[in-house]
Amino acid sequence: MVIQVTFLGTGSALPSRGAANCAYLIRAGAATILIDCGPSILQQLDAVAVSPGEITHVFVTHRHGDHALGYPMLALWWALKLPRDGPLPAVIASATTWISLDALISHSYGDAHVASRAGQVQRIVLPTEQSAETPINPAIMLRTWPMKHGDWAPVLGGRFEIIDGETSSGRQVKARVVTLAFTGDTESTENVLLLAQNADLLVHDAGLSASLTPDLKMGAHGHSTAEAAAELAQRAGARHLALVHLEGENVDAGHTVVYLAEASRAFDGLVSAPAAGLTLRF
Ligand SMILES: [Zn+2]
Ligand SMILES: [Zn+2]
């Protein structure tokens, strides 16, 4: 099975010039899973030539606008472009995030044809403050844990465990598990050790840099430093640490290398700060 992660955007809430908010696409077999949907999600999908109609699952980590404001635009697309009786994706979010997703629809596309279509998605409501297991399909399990981001917009980090097996005469002869972990926005939290245990890829909030702002060494305002992300990635045994949500002003000032160097000092694996459009194969 081809397993791919495409970075649709990796910017902070107010991103660097020309950048877009954080969103990712996992493609694995029949599943196409969108993680987060900020205000320009339709343009971000279009930029990598993916139709919203290909999406089978949407996972929204939390209700801040840079991660959720595009939800009504997805609903509008489903209402106008999908056959009326065609299948809609499953939408997965915490009970708290769902309050905002529903409100966003009613405040922006409350028109009957959009609102009723949005009401037809397969709603998967996860506990906000506890871990949970959500089977995506027989080959993919989503495990979620609460991250640490603030009271109003609690975050669920998502760990996707994908079993890639080959069968011969109905028997499974070869199988591997590919593990992809996404923190969403978070300060440094020990739950990342569970989220990212032996992960092939850990996409971690690095809104801050311990080198650029040493007084915020352990993270603050709901975001992590690159250094703290790297320390957790090291302890969790992750193979690749992708730093995202870097402060837009720092990226504009050419400081991305500072984040990368800081993380590389604390993590033995591969460190990157992916730009939108990058696709990784597993
Ligand atoms: Zn954010
Ligand atoms: Zn946030």
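Model, not experiment: these values are computed from the prediction.

## With respect to helix 4 (residues 95-108)
- Here helix 4 is 14 residues long and its end C-alpha atoms lie 20 Å apart, about the 20 Å a rise of 1.5 Å per residue gives.
- Taken together, the buried positions of helix 4 are occupied by T96, T97, S100, L101, L104 and I105.

## Notes on the sheet that holds strand 4 (residues 57-59)
- Spatially, 7 strands are ordered 6-5-4-3-2-1-14 in an open sheet, and the strand pairing comes out mixed. For this open sheet the edge positions go to strand 6 (122-126) and strand 14 (279-281), each flanked by a neighbour on one side alone. Across the sheet, the mean angle separating the axes of adjacent strands is 15° when strand polarity is ignored.
- Judged from the 3 bridges that link them, strand 1 (residues 3-9) and strand 14 form a sheet pairing that is antiparallel. Paired with T6 across the strands is T279, a residue of strand 14.
- Contacts from helix 4 reach strand 5 (90-94) and strand 6, with the element oriented near 120° to strand 5.

## Digging into the packing of helix 7 (residues 226-236) against helix 9 (residues 256-266)
- Relative orientation of the contacting elements helix 7 and helix 9 amounts to 30°, with a least axis distance of 8 Å. On the basis of the axis angle, helix 7 is roughly parallel to helix 9. In the crossing of helix 7 with helix 9, the sense of the turn from one axis to the other is right-handed. Each of A226, E227, A229, A230, E231 and Q234 in helix 7 lies in contact with helix 9, whose residues at this interface are Y259, E262, A263 and A266.
- Counted by class, the contact of helix 7 with helix 9 contains 6 nonpolar, 1 polar and 3 charged residues.

## Some points on the packing of helix 3 (residues 71-81) against helix 4
- Their axes nearest at 9 Å, the elements helix 3 and helix 4 cross at an angle of 65°. Crossing geometry of helix 3 relative to helix 4 is assigned as right-handed. Contacts between helix 3 and helix 4 pair Y71, P72 and A75 from the former with L101, L104, I105 and S108 from the latter.
- Broken down by class, the residue content of the contact of helix 3 with helix 4 amounts to 6 nonpolar, 1 polar and no charged.

## Observations concerning unusual backbone geometry
- At D36, a position not held by glycine, the phi torsion is positive, near 75°.
- Under the C-beta neighbour-count criterion, D36 is labelled buried, with 26 such atoms within 10 Å.

## Section: the environment of C22
- If you trace the backbone, C22 turns up in the loop between strand 1 and strand 2 (23-28).
- Judged by C-beta crowding, with 28 C-beta atoms within 10 Å, C22 ranks as buried.
- Once the C-alpha coordinates of C22 and V50 are considered, the two residues, 28 residues apart in sequence, prove to be 16 Å apart.
- Leave out the neighbours within four places in its chain, and C22 touches G9, T10, G11, D36, G38, H67, V244 and H245.

## A word on the pairing of strand 3 (residues 31-35)
- Most of strand 3 sits out of view: 4 of its 5 residues are buried.
- As paired strands, strand 2 and strand 3 are joined by 5 bridges and run antiparallel to one another. Bridge pairing in strand 3 places Y24 opposite I35.
- Counting the residues between successive antiparallel strands, the hairpin from strand 2 to strand 3 contains 2 residues, one of them, G29, with a positive phi of roughly 60°.

## Re the environment of T6
- You can see T6 is positioned in strand 1.
- A residue is classified by how many C-beta atoms lie within 10 Å of it, and T6, with 21 of them, is buried.
- Other than its neighbours up to four places away in sequence, T6 contacts Y24, L25, V48 and T279.

## Some points on helix 7
- Buried within helix 7 we find A226, E227, A228, A229, A230, L232 and A233.
- On the buried face of helix 7, the contacting elements are helix 6 (191-195), strand 11 (201-205), strand 12 (240-244), helix 9 and strand 13 (270-272).
- G237, located one to two residues past helix 7, shows a positive phi value of around 75°.

What counts and what doesn't
- Residues numbered from 1 in each chain as written.
- Chains lettered and ligands numbered in written order.
- Predicted model: local features only at pLDDT ≥ 70, side-chain atom pairs only at ≥ 80, totals over all residues.
- Helix = DSSP H or I, 4+ residues; strand = E, 2+ residues; numbered from the N terminus.
- Expected span 1.5 Å × (residues − 1).
- Buried ≥ 20, exposed ≤ 12 C-beta atoms within 10 Å, placed from the backbone.
- Pairing = 2+ DSSP bridges.
- Axes fitted to C-alpha atoms, helices over the stretch in contact; angles between N-to-C directions.
- Contact = placed C-beta atoms within 7 Å.
- Parallel < 35°, antiparallel > 145°, perpendicular 65-115°, else oblique.
- Left-handed = near helix turned anticlockwise from the far one by under 90°.
- Nonpolar A, V, L, I, M, F, W, Y, C, P; charged D, E, K, R; others polar.

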